[in-house]
Amino acid sequence: MSRLLGGTLERVCKAVLLLCLLHFLVAVILYFDVYAQHLAFFSRFSARGPSRALHPAASSSTNCSRPNATAPSSGLPEAPSARPGPTAPVLPPCPDSPPGLVGRLLIEFTSPMPLERVQRENPGVLLGGRYTPPDCTPAQTVAVIIPFRHREHHLRYWLHYLHPILRRQRLRYGIYVINQHGEDTFNRAKLLNVGFLEALKEDSTYNCFIFSDVDLVPMDDRNLYRCGDQPRHFAIAMDKFGFRLPYAGYFGGVSGLNKSQFLRINGFPNEYWGWGGEDDDIFNRISLAGMKISRPDIRIGRYRMIKHDRDKHNEPNPQRFTKIQNTKLTMKRDGIGSVRYQVLEVSRQPLFTNITVDIGRPPSWPPRG
Ligand code: BGN
């Protein structure tokens, strides 16, 4: 009897000991997490502050920061009013890991977002949505291309969140909104092709192209909008997909290719009218060209999508299932080399360049009448 009691007591003691150990471990983890958040918080007040302690790519800290941390008072350098002239001092190359990133961001779409406010908060952004870091020379010039129609209030949020992020990332960039004229069926991929050509017409030094939907806002500024030696997929963990990649070959939402990668796949398909499939076709093109997709860490590639009803004139494309089976046959003849369109208006706004374009209409679907 007493041996039985002794055995039970021993087991209870062991369980209590284990619990204590677990408690201690959790306390240590929490302590370091709070310490990391403190470091990130202080780094917001100093562009060259201790954020280096949190290496942007390696850290998984979850500090939440308000986007207005990027207003001039945040210590962010402002862009010069013009590009440096021939006598301007040569600036050092921009660092691979920009100092002053804040990590995880608080993104919400509840309060209204007037363009005047966005403009006021981004005084360093030049006409047409151009920006050059004032304190270093970036390795790339990035054109951000947004296919667009009737989503003005999404665009306001996008500009509000993205300009400060891109500035903190020390990018030289320009924003191009490619606005499909008329009410015919929407064609996302063709608009992206137009954006590539039109951005290059404006500035032939663009060598990185980021293609972004207007309703997708990154939740972490360590997701750097740059190109690499392989095509990059940025929007890998969207809230609407439970912060996971919906399938291994997903390449939708926000992606980036440098000029030679884009030309190597003959750009994007022009013949996907309506919703769906064009991103899968682009994925096929990249694989067929022997390239691989590069992606950020799943904790960093998080996105919020602005909720909206399904767009009119962007119904699911019933041809997409067969079309994505035929990329190998179609990619040579359908792409950047064969895109036909007419630019109706180029207007340089304070925060973006708006290009309205007639891209035609689908040859046979949906039936018109
Ligand atoms: C896929 C769509 C993509 C879309 C994702 C996420 C197709 C092709 C036929 C299977 N692909 O199913 O275009 O980005 O869902 O919504 O519909």
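Procedures and definitions
Residues numbered from 1 in each chain as written. Predicted model: local features only at pLDDT ≥ 70, side-chain atom pairs only at ≥ 80, totals over all residues. Heavy atoms only, no water. Core = buried A, V, L, I, M, F, W, Y, C linked by side-chain atoms within 4.5 Å. Buried < 20%, exposed > 50% of the residue type's maximum accessible area, 1.4 Å probe, protein only. Helix = DSSP H or I, 4+ residues; strand = E, 2+ residues; numbered from the N terminus. 1 Å grid on protein atoms, 1.4 Å probe; cavity = no way out; pocket = protein on both sides within 12 Å on 5 of 7 lines; lining within 4 Å. Points joined across faces, edges and corners; volume = space filled by probe spheres on them. Nonpolar A, V, L, I, M, F, W, Y, C, P; charged D, E, K, R; others polar. Disulfide = S-S within 2.5 Å.

Focus on the nonpolar core
Point 1. One finds I175 and Y225 to be the most contacted residues of the largest nonpolar core, which totals 41 residues.
Point 2. Among the elements of the structure, β1 (141-148), α3 (152-168), β2 (172-180), β3 (208-212), β4 (216-218) and β8 (302-305) are those that each provide at least two residues to this core.
Point 3. No other element matches the eight residues that α3 contributes to this core.
Point 4. Core analysis: the next-biggest nonpolar cluster, separate from the first, contains 31 residues, W273, A289, I336 and V357 among them.

Quick look at the layout of surface pockets
Point 1. As a volume, the largest pocket reaches approximately 960 Å³.
Point 2. If you go around the largest pocket, you meet 40 residues; those closest to its centre are D213, K240, W275, R310 and N314.
Point 3. Mapped onto the lining of the largest pocket, the elements with two or more residues apiece are β1, α6 (278-288) and α7 (320-323).
Point 4. The biggest single contributor to the lining of the largest pocket is α6, with three residues.
Point 5. Counted by class, the lining of the largest pocket contains 15 nonpolar, nine polar and 16 charged residues.

Some points on the state of the cysteines
Point 1. Under the criterion given, the structure shown has two disulfides.
Point 2. The side chain of C94 participates in a disulfide bridge whose partner is C136; the two sulfur atoms lie 2.1 Å from each other. The S-S bond linking C94 to C136 shows a torsion near 85°; that makes this disulfide right-handed. Here the residue C94 occupies a position in the loop between α1 (2-43) and α2 (115-121), and C136 occupies one in the loop between α2 and β1, the gap between them amounting to 42 residues.
Point 3. Exposure remark for C94: the relative accessible area of 15% places this residue in the buried category.
Point 4. Residue pairing for C208: its cysteine sulfur links by disulfide to C227, the two sulfurs lying 2.0 Å apart. Measuring the twist about the S-S bond at about 80°, one finds the C208-C227 disulfide to be right-handed. Residue C208 is found in strand β3, and its partner C227 is found in the loop between β4 and β5 (232-233); the two are separated by 19 residues along the sequence.

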